[in-house]
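Remarks on the overall topology
Spelled out from the first residue to the last, the chains are:
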Amino acid sequence: MVGSQASMSPKRSACWVALAPLLCSCALALQGGMLFPRESPSREVKALDGLWRFRADFSENRLQGFEQQWYRQPLRESGPTLDMPVPSSFNDITQEARLRNFIGWVWYEREAILPQRWTQDMDMRVVLRINSAHYYAVVWVNGIHVVEHEGGHLPFEADISKLVQSGPLTTCRVTIAINNTLTPHTLPPGSIIYKADTSMYPKGYFVQDINFDFFNYAGLHRSVVLYTTPTTYIDDITVTTNVEQDIGLVDYWISVKGNEHFQLEVRLLDEDGKVVAQETGDQGQLRVPGANLWWPYLMHDHPAYLYSLEARMTTAGPVSDFYTLPVGIRTVAVTESKFLINGKPFYFHGVNKHEDSDIRGKGFDWPLLMKDFNLLYWLGANSFRTSHYPYSEEVLQLCDRYGIVVIDECPGVGIVLPQSLGNESLRHHLEVMEELVRRDKNHPAVVMWSVANEPSSALKPAGYYFKRQLVGIGSLSTMTLITHTKTLDPTRPVTFVTNTKYDADLGAPYVDVICVNSYFSWYHDYGHLEVIQPQLKSQFENWYKTHKKPVIQSEYGAEAIAGFHEDPPLMFSEEYQKALLENYHSVFDQKRKEYMVGELIWNFADFMTNQTPMRVIGNKKGIFTRQRHPKNVAFILRERYWRIANETRHHHSVPRTQCLGTRPFTF
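Residues numbered from 1 in each chain as written. Predicted model: local features only at pLDDT ≥ 70, side-chain atom pairs only at ≥ 80, totals over all residues. Heavy atoms only, no water.

**Some remarks on the packing of aromatic side chains**
Both the distance between ring centres and the angle between the ring planes are used here to describe each pair of aromatic rings. So the rule is basically this: Two rings from Phe, Tyr or Trp (for Trp, the six-membered ring) form a pair when their centres are within 6.5 Å of each other. A pair whose planes differ by under 30 degrees is stacked, one over 60 is edge-to-face, and the rest are tilted. In this text, helices come from DSSP runs of H or I with a minimum length of four residues, and strands from runs of E with a minimum of two, each type numbered from the N-terminal end. Residue exposure (1.4 Å probe, protein chains only): buried if accessible area is under 20% of the type maximum, exposed if over 50%, otherwise partly exposed. Here, a charge over a ring means that NZ of Lys or CZ of Arg falls within 6 Å of the ring centre while also lying within 35 degrees of the ring normal.
Enumeration according to the criterion identifies 41 aromatic pairs in this entry. On the basis of an interplanar angle of 5° and a centroid distance of 3.8 Å, the ring pair of Tyr 297 and Tyr 377 is categorised as stacked. Taken together, the positions of Tyr 297 in the loop between β19 (283-289) and β20 (307-314) and Tyr 377 in helix α7 (residues 366-379) put the pair 80 residues apart, joining distant regions of the chain. Comparing Tyr 297 with Tyr 377 shows no difference in burial state: the two are buried. Taking the centre distance of 5.0 Å and the plane angle of 75° together, the rings of Phe 339 and Phe 348 count as edge-to-face. Side by side, Phe 339 and Phe 348 carry an identical accessibility label, which is buried. The side chain of Arg 100 reaches across the aromatic face of Phe 215, ending 4.4 Å from its centre. Looking at Arg 125, its charged tip hangs above the ring of Tyr 233, at a distance of 3.7 Å from the centre.

What follows is the structure in structure tokens.
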């Protein structure tokens, strides 16, 4: 990405510099829950989707907005603004090349009209929630600073009750400044490279250098919402499940804030609305005789069965709060050669994805999302990895509903420089894992955490980063990446995705499942399809012999430009993509009888990348185009996935489903 004639570094920004002591003071102990905003008899939700005022700070140091305090008055008074849709990335909305490649601070503003009761009822909390702002965000309400957050893809929020209940106003002005600059210590990392030779570059010219292969879209990628709760409210719910014979066990922990004196009633309802278990108190166990288990798509006649956990909190006064959480009863376990769901061997036959589409960039879009899920069902895919960052909560809710199994990955991609494997980076990485687990812990579809993708795990610091204790940073001295994630959630296995050699990977001894990316006859031995099978066999055998853990082929594939045909197959033709996959599949069919537990094609759909000589308007490894049109290989993969599903199914085979079901679903 290219900057304009400017000199900007996040460390020169007062807001960015202020982040370091803030992170230290947090000590990796995130306070409070992050329940998805749902309407209930006690809660209201108001989405601020639509057009926001927008302005990029093109000043030389990118700090004019802070120096002139743009947040203190309506943004239009600071200078020219654009209309910018939210949610979306800002990069592809306009015709301005300098905005598409902009690095630095951009400013968003929206005025929200509040219901009168929100501003007058002192027994009501009003909360502002930003579901994703990439990368670093500072938020003001009516010119008052309310919250800052580092990292895209995960939500953050602020209680703004005092600001909106302090006078006669029924509107509030929300201002959000976002900086997409990446440094060696952000997640993902990056570097700002200044081009100092003025005979070749304009004065102050710089570029953002990244070590990951997707476009660094930025902006408000998901909804911004206002929601209400009572002043005494259900702050968090944690659910874990188990099975004893035919009895489903649902253990729950509920956190209430605002009052120490309250009563809690908890009920578990089946899909027909019948109460099957109930308890009282802020923690307990719900026992469900003859429980319907949550099964993955194509693994059972009735996949993805969801109960509803209803929590009702009351106090001695008039205050009460209600929250409903979907619950799937299932177990996950890993043996030396198997991945088990509900005690049965599960084989991942799925995809890697990206949150990426024309015009919207990484912006959330319901029609696109439903199209993708219909394509997953058509394909016979039972799983995907959230490569290479957490996807929207709505995506995971659909996975829960439709039985699509998820490997939930944090934004730990591009960790290749030694300075990105030190204590400063690790401290932030640990915090991101806390935020991710806190958000996604209750989703039955999430069966494994991935803490990184293709890190330089052969470097000596990688062994320390993934396992060894941090040194010399006080209360953080006992924290490590994989062990900390397992402490946060002991019920799920943990992995990272590697492309390092089996005998050089310093992080692999600590994962539960080996996830390997390899591109034989693509990034090396170009065009030589005949080397795939011997190289792939050696890969599997070496990894398993060394670590005695189940193995997933977490990435493989080849680029194909739709409509390009060559026979004999040549690279970038649809025939080459097909031939490459067939060679991989031949080996997969041998190894999945032993210790291979999954295959995830790279990629579900073509996606945008930086401009390089290797990419023709993005990465073309998708089995669908960016517009979701199938390439020839999509039909090959469909035949394969349905065949595997019927071979591994624990009940009778099913016809090939063409579209999603119509079960009622409430967000």
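Resuming the write-up.
**Here's the deal with empty space enclosed by the protein**
Selection criterion: Cavity means a closed set of points on a 1 Å grid over the protein atoms alone, one where a 1.4 Å probe fits but cannot get out, pocket means an open set with protein on both sides within 12 Å along at least 5 of 7 lines, and lining means a residue has an atom within 4 Å of a point. Grid points are joined across faces, edges and corners, and a volume is the space filled by probe spheres set on the points. When residues are grouped by polarity, Ala, Val, Leu, Ile, Met, Phe, Trp, Tyr, Cys and Pro land in nonpolar, Asp, Glu, Lys and Arg in charged, and all others, Gly among them, in polar.
Per the counting criterion, the structure on display carries 9 cavities of 30 Å³ or more. Here the largest cavity defines a volume of roughly 210 Å³. Lining the largest cavity are 19 residues, with Arg 38, Leu 325, Arg 439, Asn 442 and His 443 positioned closest to its centre. At the level of elements, β21 (320-327), α8 (393-402) and α9 (423-440) are the ones that each hand at least two residues to the lining of the largest cavity. The class makeup of the residues in the lining of the largest cavity is 9 nonpolar, 3 polar and 7 charged. Looking at the second largest cavity, its volume works out to about 170 Å³. Residue lining of the second largest cavity: 18 residues in total, with Glu 355, Asp 365, Leu 368, Leu 369 and Val 395 positioned closest to the centre.

**A short note on the state of the cysteines**
Here is the rule: Throughout, a disulfide means two cysteine sulfur atoms within 2.5 Å of one another.
Within the structure shown, the criterion is met by 0 disulfides. Cysteine Cys 399 remains unbridged, with the sulfur of Cys 515 as its closest cysteine sulfur at 17 Å. You can call Cys 399 buried: its relative accessible area is 0%.

**Observations regarding the nonpolar core**
Basically, it comes down to this: Buried Ala, Val, Leu, Ile, Met, Phe, Trp, Tyr and Cys residues form a nonpolar core when they are joined through side-chain atoms within 4.5 Å.
Counting 148 residues, the largest nonpolar core has Leu 309, Phe 339, Phe 373 and Phe 384 as its most contacted members. By size, the runner-up hydrophobic cluster in this structure holds 35 residues, among which are Phe 54, Phe 90, Cys 172 and Val 174.

**Section: the environment of Pro 390**
Heads up, the rule is: We call two residues in contact whenever any of their non-hydrogen atoms come within 4.5 Å of each other.
As for its position among the elements, Pro 390 is in the loop between β26 (383-385) and α8. Using a relative accessible area of 0% as the deciding quantity, one classes Pro 390 as buried. Separated by 128 residues in the primary sequence, Pro 390 and Phe 262 have C-alpha atoms spaced 35 Å apart. Excluding residues that lie within four positions of it along the chain, Pro 390 makes contacts with His 153, Leu 154, Arg 222, Glu 355, Asp 408, Glu 409, Cys 410, Pro 411, Leu 436 and Arg 439.

**A few points about the sheet that holds β19**
Two pairing modes exist for strands in a sheet, parallel and antiparallel, and in both the strands are linked by backbone hydrogen bonds. Here is the rule we go by: Note on pairing: DSSP must find at least two bridges between two strands before they are called paired. Where helices are involved, their axes are fitted lines through C-alpha atoms of the stretch in contact, as for all axes, and angles between N-to-C directions lie from 0 to 180°.
Taken in spatial order, the 3 strands of this open sheet run β15-β16-β19, and their pairing is antiparallel. If you trace the sheet from one side to the other, it starts and ends with β15 (233-244) and β19, each paired once. Strand after strand, the sheet turns through a mean of 20° between neighbouring axes, direction not considered. Pairing of strand β16 (residues 247-257) with β19, which is carried by 7 bridges, proceeds in the antiparallel orientation. If you follow Tyr 252 over to β19, its bridge partner there is Gly 284.

**Looking at α8**
Counting buried positions along α8 gives 10 out of 10 residues, so the element sits mostly inside the fold. Listed in full, the buried residues belonging to α8 are Glu 393, Glu 394, Val 395, Leu 396, Gln 397, Leu 398, Cys 399, Asp 400, Arg 401 and Tyr 402. Phi turns positive one or two residues past the end of α8, at Gly 403, with a value near 80°.

**Remarks on the packing of helix α13 (residues 574-591) against helix α14 (residues 632-648)**
This is how it is decided: Note on angle classes: values under 35 degrees are labelled roughly parallel, values over 145 roughly antiparallel, values of 65 to 115 roughly perpendicular, and the remainder oblique. Definitions for this section: a left-handed crossing has its near helix turned counterclockwise from the far helix by less than a right angle. A right-handed crossing has that turn clockwise.
Two elements in contact, α13 and α14, have axes whose closest approach is 9 Å; the angle formed by their N-to-C orientations is 20°. As far as their axial angle goes, α14 and α13 are roughly parallel. Relative to α14, α13 is oriented so that their crossing is right-handed. Residue-level inspection shows Glu 574, Gln 577, Lys 578, Leu 581, His 585, Phe 588 and Asp 589 of α13 in contact with α14, the latter providing Asn 632, Val 633, Ile 636, Leu 637, Arg 640 and Arg 643.

**Let's talk about the UniProt feature "domain: Glycosyl hydrolases family 2 sugar binding" (unreviewed entry) in the protein**
Here is the rule we go by: UniProt positions are given in the numbering used here, feature names are shortened, and annotations may be inferred rather than shown by experiment.
According to UniProt, the feature "domain: Glycosyl hydrolases family 2 sugar binding" (unreviewed entry) maps to residues 46-230 in the numbering used here. Along residues 46-230 the backbone is 9% helical and 42% strand, and the end-to-end C-alpha distance reaches 16 Å.

**A word on the sheet that holds strand β14 (residues 224-230)**
One open sheet accounts for 4 strands, arranged β1-β14-β5-β9; its pairing is antiparallel. Looking at strand neighbours, the two that pair on one side only are β1 (45-47) and β9 (156-159), the edges of this open sheet. Pairwise comparison of adjacent strand axes, ignoring direction, gives a mean angle of 20° for this sheet. Direction of pairing for strand β5 (residues 124-130) relative to β14: antiparallel, over a ladder of 7 bridges. Bridge pairing links Leu 128 to Leu 226 in β14.

**Observations concerning the packing of α7 against α14**
Packing of α7 against α14 brings their axes to within 8 Å, and their N-to-C directions diverge by 60°. Judged by the inter-axis angle, α7 sits oblique to α14. Across the interface between the two elements, Tyr 377, Trp 378 and Leu 379 of α7 pack against Ala 634, Phe 635, Leu 637, Arg 638, Tyr 641 and Trp 642 of α14. For the contact of α7 with α14, a count of residues per class yields 8 nonpolar, no polar and 1 charged.

**Structural notes on the pairing of strand β29 (residues 494-498)**
Counting buried positions over the 5 residues of β29 gives 5, a clear majority of the element. Burial along β29 is two-sided: the face carrying Val 494, Phe 496 and Thr 498 and the face carrying Thr 495 and Val 497 are both buried. As paired elements, strand β28 (residues 446-453) and β29 share 3 bridges and run parallel to each other. Each residue of the ladder has a partner; that of Trp 449, found in β29, is Val 494.

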